[in-house]
Amino acid sequence: MAEAKVDLLPGAERLVHVNGRVQPGEEVVVVTDPTMQRYADAVSRVAQEAGASVTVCVIPIRDQDGQEPPPPVARAMAEAAVIFSPVSVSITHTRAMRSALEARARVCMMTAYTDAIMTSSALLDTDFDAQADVCRRLGAAFTDGESVRLTSPRGTDLCFGIEGRVANVLTNIPEPGELGPIPDIEVNVVPVTGSAEGTIIADASVPYLGIGILDEPIVCVVREGYIVEMTGGDQADFLREHLDSFGDRHCFNVAELGVGLNPNARLTGEMLEDEGVMGTIHIGIGTSHTLGGEIVAPTHYDLIMWKPTITVDGQIVQRDKQVLV
Amino acid sequence: MPIAEAVADEAGEMGAVVSIVVPPERSIDNEEPGSAVAAAILGANVVFLPVTLALAHTRAVREAIGSGARVLSMTAFTERMMREGGLFTDFRARQPLCLSLAAMLTRGEQLRLTNPSGTDLSMSLVGVTGNSHACLLDGPGFSAVPNIEANCAPTQGTAEGVFVCDGSIPYYGVGPIREPVTFQISDGFVTDISGGDQADFLKDLLARQEDPWVYNLAQFAFGLNPACTEFTGEMLNDEGVNGTVHIGIGTSANLGGEVTAKTHFDAITQAPTVWIDGEPVLSDGEVLNY
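Residues numbered from 1 in each chain as written. Chains lettered and ligands numbered in written order. Predicted model: local features only at pLDDT ≥ 70, side-chain atom pairs only at ≥ 80, totals over all residues. Heavy atoms only, no water.

Asker: Hey, could you run me through a negative patch on the surface in this one?
Answerer: Where like charges cluster on the molecular surface, the negative patch consists of Glu5, Asp9, Glu10 and Glu13 of chain B. Considering the arrangement of structural elements, one finds Glu10 of chain B in helix α1 (residues 2-13). (Patch = residues over 30% accessible without salt bridge, like charges linked within 9 Å, V, L, I, M, F, W, Y side chains within 5 Å. Areas by Shrake-Rupley, 256 points an atom, 1.4 Å probe, with all protein chains shown as cover. Salt bridge = Lys/Arg side-chain N within 4 Å of Asp/Glu carboxyl O. Lys, Arg positive; Asp, Glu negative; His and termini not counted. Charge placed at Lys NZ, Arg CZ, Asp CG, Glu CD. Helix = DSSP H or I, 4+ residues; strand = E, 2+ residues; numbered from the N terminus.)

Asker: Explain the nonpolar core here, please?
Answerer: Soluble globular proteins tend to pack their nonpolar side chains together in the buried interior. Counting 81 residues, the largest nonpolar core has Phe84, Tyr113, Met118, Phe142, Leu257, Leu261 and Ile283 of chain A as the members making the most contacts within it. Discounting chain neighbours no more than four positions away, the residues touching Phe142 of chain A are Val148, Ile162, Arg165, Ala167, Val187, Val189, Leu257, Val259, Ile310 and Val312 of chain A. With 75 residues, the next largest nonpolar core counts Val61, Leu113, Val145 and Ile185 of chain B among its residues. (Core = buried A, V, L, I, M, F, W, Y, C linked by side-chain atoms within 4.5 Å. Buried < 20%, exposed > 50% of the residue type's maximum accessible area, 1.4 Å probe, protein only. Contact = heavy atoms within 4.5 Å.)

Asker: I would appreciate a short explanation of the sheet that holds strand β5 (residues 147-151) of chain A in the present structure.
Answerer: Strand-to-strand pairing in sheets goes through backbone hydrogen bonds, with the strands running parallel or antiparallel. Residue and element names in this part refer to chain A. Across the sheet, which stays open at both edges, the 8 strands sit in the order β14-β13-β10-β6-β5-β18-β19-β20 with antiparallel pairing between neighbours. Of all strands in the sheet, those bounded by a partner on one side alone are β14 (226-231) and β20 (322-323). Examined bridge by bridge, strand β13 (residues 218-223) and β14 share 5 bridges and lie antiparallel to one another. What sits directly across from Val219, in β14, is Thr231. (Pairing = 2+ DSSP bridges.)

Asker: Hey, could you run me through the pattern of salt bridges in this one?
Answerer: By the definition in use, this model includes 15 salt bridges over all chains. The partner of Asp203 of chain A in a salt bridge is Arg154 of chain A, with the nearest N and O atoms 3.3 Å apart. Residue Asp203 of chain A is found in the loop between β10 (197-202) and β11 (205-206), and its partner Arg154 of chain A is found in the loop between β5 and β6 (157-161); the two are separated by 49 residues along the sequence. Residue classification places Asp203 of chain A among the buried residues on the basis of a relative accessible area of 13%. A residue is classified by how much of its surface remains accessible, and Arg154 of chain A, at 51% relative accessible area, is exposed. The closest approach of N and O atoms between Lys203 of chain B and Asp192 of chain B, which form a salt bridge, is 3.2 Å. Pair noted here: Lys203 of chain B is in helix α6 (residues 197-208) and Asp192 of chain B is in strand β13 (residues 189-194), with a separation of 11 residues, a long-range link. On the accessibility criterion, Asp192 of chain B (29% relative accessible area) is partly exposed. Each of Arg80, Glu84 and Glu234 of chain B takes part in one network of salt bridges that share partners.

Asker: I tried to follow the pairing of strand β12 (residues 181-186) of chain B on my own but got confused; where do I start?
Answerer: Successive residues of a regular strand alternate their side chains across the two faces of the sheet. Residue and element names in this part refer to chain B. In terms of strand pairing, strand β9 (residues 160-165) meets β12 through 5 bridges, oriented antiparallel. Bridge pairing in β12 links Val162 to Gln184. The pairing of β12 with β13 spans 5 bridges and is classified as antiparallel. Considered in β13, the bridge of Phe183 is made with Ile193. Counting the residues that bridge the hairpin from β12 to β13 gives 2 residues, and of these Asp187 lies at a positive phi of roughly 50°.

Asker: Where do I start with the interface of chain B and chain A in this structure?
Answerer: Quite often, the size of an interface is put as the accessible area lost when its parts meet. Of the residues lining the interface, 20 residues belong to chain B; the matching set on chain A comes to 18 residues. Contact with chain A buries area across many residues of chain B, yet Ser19, Pro24 and Ala36 of chain B alone supply 28% of it, more than any other trio. At the boundary of chain B and chain A, one finds 0 salt bridges. Remark: the boundary between chain B and chain A carries 4 residue pairs in polar contact (both at pLDDT 80 or more). Where the side of chain B that touches chain A is concerned, the elements lending two or more residues are β1 (20-22) and α2 (35-42) of chain B. The biggest single contributor to the side of chain B that touches chain A is α2 of chain B, with 6 residues. Of the residues assigned to the side of chain B that touches chain A, the class counts are 14 nonpolar, 4 polar and 2 charged. The pairing of strand β2 (residues 53-58) of chain A with β1 of chain B spans 3 bridges and is antiparallel. The residue of β1 of chain B that forms the bridge with Cys57 of chain A is Val21 of chain B. (Buried area = accessible area lost by both parts, 1.4 Å probe. Polar contact = N/O pair within 3.5 Å; in protein donor to acceptor, adjacent residues only side chain to side chain. Nonpolar A, V, L, I, M, F, W, Y, C, P; charged D, E, K, R; others polar.)

Asker: Explain helix α4 (residues 95-102) of chain A to me, please; I cannot follow it from the model alone.
Answerer: The periodicity of an α-helix, 3.6 residues per turn, causes residues three or four places apart in sequence to face the same way. Residues and elements named next belong to chain A. Looking only at α4, the buried set comprises Ala96, Met97, Ala100 and Leu101. Looking straight down α4, one finds its buried side chains confined to an arc of 135°; they lie on one side. Residues of α4 that are exposed and angled more than 90 degrees away from the buried face: Arg95 and Glu102. Looking at the buried side of α4, the elements it contacts are α3 (71-78), β3 (82-85), β4 (106-109) and β8 (179-181). (Arc of directions from axis to C-beta.)

So far we have only geometry, and geometry alone does not tell us how the molecule works.
The following block contains the structure:
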């Protein structure tokens, strides 16, 4: 059966006008690869209509996340006022992206986009302006704070230090020099390496490795910053065995507390949408280097849980879906 | 994009790292493509330009060549041109003739051009360097496939006389000429354009650019591809038709001249006779000696 034709225009209009805030005469660069060109076409058409000067760069499909785009594309990106990146393999953590951000580009990340994301309520219906404020307030609480306690009704109870850490504030309306993964509105912070102690009980999703939505919670015991025990059902066993296979304890490093802040995002098992679900947090495990930490591991996965209560220096900053700062 | 993709696939198979860059929409041939495209081609070793509107005579391309790029222009390429015609000629065999005519333009001081339709145009070649564009990029430089041409930017402000175009103006949708287009040229600038509908269209288009430099006599060129045999309206076929000459009007900076205008176009005429310093070089389109 032929795939139903999906209207990509409303999503492209949101990305260009709301997230990218593209202005007439601005230099817009769309970086894409051959599998994602339909999203690139939709965004570039709308940006063109907005009066921008739009250049589309089609790069070869990268072999792995974080591989540099070719030099001509890196140079084009450094000229951009706004970048959209519908690519199948992430170019977020590249020198090319850093240079573009240093040149004050506003970057709307569209890694591994799908028709489902392009037509999601998370993209089409969210008040991104309002959530940008929430995002910045919560980010400030983390940046100014020294210690975090995270609890959930399922039994998560994890403590860690954040002194000296600067929160990554991923509003979906990036300012010059910022990037936003659309529609994953998120604030994250890297625990002081080695400081995490307690229990993580993930009951929502692990949007990697084909695991997706969890049938049975994954229970992790954390000592001195590392997961020392991981139990639950088949999904827990699968994940633990996968991580064990690298023979690198840093795969078990507690690397990130990420807070989803998109009220319209739904848990689907897809990364860009799941991590933004309001009323969830995720604990990233493995590499923390790309977020501002010290640990480099061969992997980074997120364990997502429902109904968090987050306390910073004894003050509750978020309870379930409510941000209290 | 099928032509860009075909070239990209072939280059990719050879092991090159290929990026396809689609420039912003532009309104006229040889308008600058924007800073992102300019930066991208500055980072390339080899640049192919299968674009609808020419990029050949832009600052962006000039700077890329300056930084060592080999640039192959493929403006307004068609699927026919990918299958047959000028692209399948023996470029290497034509290179000596092309180099030789370019050297004559460099050495000469005065050029006169006539043809049966009434062309009689003279220009100075003092201080001029001829360019050989034989479609072979052995080093940094520019060529437009399959248009084998030897050309130069005549001494600024010296062209004088009449150029009657009876071949093709493969720009702006004009194409093969139905009624000859007469250019009056004085002190190096076009002062009047007359003829039929095509002349009127061109005259209006240039007037709308509101840029006096779009009338600059920028280029003189010999077309030298024996496999380009008739005018089809395809730019790089028509400019290369063997035994024709063309003048370029507008920007001359990419040919060694000083002028940057809002556009650049070529007008091709047939059966030319050309003298350099009084010596006949071409007679009724036939190369006499080189």
